[in-house]
Amino acid sequence: MKKSRWQVPLTLVFIFMGILISLQFQAQSRIASDLTMQRTENLIAMVRGLSDKRQKLAVEIVDLNQQLRSQMESYRDETKLKTNLKAELDKLNILTGNTPLEGSGLTITISQNMPVLYIDLIHITNELWAAGAEAISINEYRITNNTSIFFGEEELSNVITVNNHRLSFPIIIRALGDSNNLEKGLTMPGGIMDRLALFNAYPFLEQAESLTIPASQDVHYNYFLKEYKPPENEPAINTADPHIPDNPASLRI
Amino acid sequence: MKQKWLLPLTIVCIISSFSLAFQLKILNYSSNSNPLSEKNTNLVTIINDLEAEIKEQENQIEKIRNDLSTLQNQQVEGELQELQDELQKVKILSGLTPVSGKGIVITVDDYSQGLQANPNDDPNKYIIHYENLLNIVSELKVGGAEAISINDQRLITTSEIRCVGNVILVNTTRIAPPFEVRVIGSPKILAEIINNGELEILRTSNFPVTLEEQNEVIIPAYKGELQFNYSQAVKGD
């Protein structure tokens, strides 16, 4: 009699625990990158980001079609053709940093007494790009595709370098774009400014009506890169591949 | 008699409350267990629809850009030809064309085995975060990378690497593990800097990491928008 009284609750405990553990295991392994497991506010943020992107892509398509039409019409008109090519060149030079630019935007000033590391500058520029910055400079250096932000050692202390140029204080980051959006991108709760505040670094943000951003000074040589021309009658590389990787995490949606 | 019942009952209660507490903690991570999940399902549907539409748009953009390039490269005469050549050069530099060359291919993945072995641990310790990718990319740039893509998203000047919750976005496009970073540049320099940097850190934490030197790394073109509404070239140039 004594024994059976013990057995029943014990069995129950084990069964119960078994179920809980397996449930927990399931919950755990599903968390990582499954969309349905994300917080609602994050999903809303994603929807917003994607809607913005769709909007921009739609504008881009209209622009490109216009360009295409204009290019066809100017087939025999050399001056018009030249204007078209020039216009596109100007646009792409915003990306390559070949020309100085002006416009509205945001300046971020970091003074010498703030404990800011090179990695913080990488995060600040990353956030600025995410917030729709069109061009960025740090002090007199334009940030492009190939710009490296790193550190160097000098007189027993670390200095931040941009393309191996030592940055002197105050460090002034200038970004062109919608100044409100740029500021919001940096100051959102839990964002880069909050993180810097933990280390008692409070960079000074200021929206500006008119900013000038210098052209890139460093000539970047490409020793290895060449244009890739896909073989005839075959689609360009991976265009057939879906953008969303076909890994099991995304299949669960 | 009463006491003999009491002891097992107490044990049952203690154990089950512990388990329940654990379970609740886990559910908190995902925060959308029951009432919200329907709303989330709707949001996920919207996200999937938007992504499909965006993919369509990107293909369209790629096609028009190709047509445009073909047109732009047809006429060949004197001064115009110079302009054409310059435009083509700038297109390659800015990431509008697919490129190829010597380089390395890096893959990093979530450490899911570790998570399975320690189901009670914080799952954030076992997944790749956007910071890891951002560090990899910035180290590659220090190593003189000439072109970089992550899971077929070409990085251009204005590209960002971010996360929303645990989902990583590049060029506002969702990418999922395993992450493949393709780089064109000196394989030796790139491998040295990345092996002593972020990859070393990931390896120490047992993340599955591979690095391969290749003679021809192919990197796709940027397919997104290029809209500049706030920047103007400084006049008087």
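Residues numbered from 1 in each chain as written. Chains lettered and ligands numbered in written order. Predicted model: local features only at pLDDT ≥ 70, side-chain atom pairs only at ≥ 80, totals over all residues. Heavy atoms only, no water.

### Examining the pairing of strand β1 (residues 99-108) of chain B
Regular strands show a simple pattern: their side chains alternate between the two faces of the sheet. Judged by how many residues are buried, β1(B) sits mostly within the fold: eight of ten residues are covered. Where strand β9 (residues 226-227) of chain A meets β1(B), two bridges bridge the pair, whose relative direction is antiparallel. Paired with Glu227(A) across the bridge in β1(B) is Val99(B). Direction of pairing for β1(B) relative to strand β8 (residues 209-219) of chain B: antiparallel, over a ladder of nine bridges. Bridge pairing links Thr107(B) to Thr210(B) in β8(B). Bridging between β1(B) and strand β7 (residues 179-184) of chain B involves six bridges; their strand directions are antiparallel. Its bridge partner being in β7(B), Gly103(B) is matched across the sheet by Ile184(B). (Buried < 20%, exposed > 50% of the residue type's maximum accessible area, 1.4 Å probe, protein only. Helix = DSSP H or I, 4+ residues; strand = E, 2+ residues; numbered from the N terminus. Pairing = 2+ DSSP bridges.)

### Quick word on the packing of helix α5 (residues 130-142) of chain B against helix α6 (residues 187-195) of chain B
All names here are of chain B. With their axes 9 Å apart at the nearest point, α5 and α6 run at an angle of 135° to one another. Considered as vectors, α5 and α6 are oriented oblique to each other. Here α5 runs over α6; the crossing is right-handed. Together, Ile136, Glu139, Leu140 and Val142 of α5 and Leu190, Ile193 and Ile194 of α6 make up the contact between the two elements. The residue makeup of the contact of α5 with α6, split by class, is six nonpolar, no polar and one charged. (Axes fitted to C-alpha atoms, helices over the stretch in contact; angles between N-to-C directions. Parallel < 35°, antiparallel > 145°, perpendicular 65-115°, else oblique. Left-handed = near helix turned anticlockwise from the far one by under 90°. Contact = heavy atoms within 4.5 Å. Nonpolar A, V, L, I, M, F, W, Y, C, P; charged D, E, K, R; others polar.)

### Description of the pattern of salt bridges
Taken as a whole, this structure holds eleven salt bridges over all chains when the rule is applied. The salt bridge partner of Lys63(B) is Asp67(B), with a shortest N-O separation of 3.3 Å. Here Lys63(B) pairs with Asp67(B), and both are found in helix α2 (residues 37-72), just four residues apart, close to one helical turn. Overall, Lys63(B) belongs to the exposed group, its relative accessible area being 52%. Since its relative accessible area comes to 32%, Asp67(B) is described here as partly exposed. Among the salt bridges present, the one from Glu180(B) reaches Arg182(B), with a minimum N-O distance of 3.0 Å. Here Glu180(B) falls in the partly exposed class, since its relative accessible area comes to 26%. One continuous salt-bridge network, built from bridges that share partners, spans Glu60(A), Lys91(A) and Arg65(B). (Salt bridge = Lys/Arg side-chain N within 4 Å of Asp/Glu carboxyl O.)

### Looking at the domain arrangement of chain A
Residue and element names in this part refer to chain A. The domain architecture assigned to chain A consists of domain 1 (58-96) and domain 2 (101-213). Every contact between the two is made by four residues of domain 1 and, on the other side, four residues of domain 2. Both sides of the domain 1 and domain 2 interface together cover about 280 Å² of buried area, and 55% of this is carbon and sulfur. Ranking the residues of domain 1 by area buried against domain 2 places Ile94, Leu95 and Thr96 at the top, with a combined share of 95%. Joining domain 1 to domain 2, the criterion identifies zero salt bridges. Counting across the domain 1 and domain 2 interface gives one residue pair in polar contact (both at pLDDT 80 or more). A breakdown of the residues in the side of domain 1 that touches domain 2 according to their chemical character gives two nonpolar, two polar and no charged. (Domains from an automatic or database assignment. Buried area = accessible area lost by both parts, 1.4 Å probe. Polar contact = N/O pair within 3.5 Å; in protein donor to acceptor, adjacent residues only side chain to side chain.)

### What about the interface of chain A and chain B?
Of the residues lining the interface, 110 residues belong to chain A; the matching set on chain B comes to 129 residues. Across the interface of chain A and chain B, roughly 11,400 Å² is buried in total on both sides, 65% from carbon and sulfur atoms. In this structure, the connection of chain A to chain B is made through five salt bridges. Here Glu60(A) ties to Arg65(B) by a salt bridge, and the two come within 3.0 Å at their closest N and O atoms. At the surface where chain A touches chain B, the tally comes to 27 residue pairs in polar contact (both at pLDDT 80 or more). If you list the elements that add at least two residues to the side of chain A that touches chain B, you get α1 (2-31), α2 (40-73), α3 (78-96), β1 (101-110), α4 (118-130), β4 (149-154) and β9 of chain A. By residue number, the principal contributor to the side of chain A that touches chain B is α2(A), which donates 25 residues. Residue classes in the side of chain A that touches chain B are distributed as 56 nonpolar, 33 polar and 21 charged. As paired elements, β1(A) and strand β9 (residues 232-233) of chain B share two bridges and run antiparallel to each other. Looking at β9(B), one finds that Leu101(A) is bridged to Ala233(B).

### Observations regarding the sheet that holds strand β4 (residues 161-164) of chain B
Reading across the sheet, the three strands line up as β4-β5-β6 (chain B) and stay open at both edges, with antiparallel pairing between neighbours. The open sheet terminates on both sides in strands that have one partner only, identified here as β4 and β6 (173-175) of chain B. Between one strand axis and the next, the sheet turns through 40° on average, direction left out of account. Where strand β5 (residues 167-170) of chain B lies against β6(B), three bridges are found, and the strand directions are antiparallel. Its bridge partner being in β6(B), Val170(B) is matched across the sheet by Thr173(B). Together, β4, β5 and β6 of chain B form the strand contacts of α2(A), whose direction differs from that of β4(B) by roughly 135°. Running over the sheet, α5(B) touches β4, β5 and β6 of chain B and is turned about 180° from β4(B).

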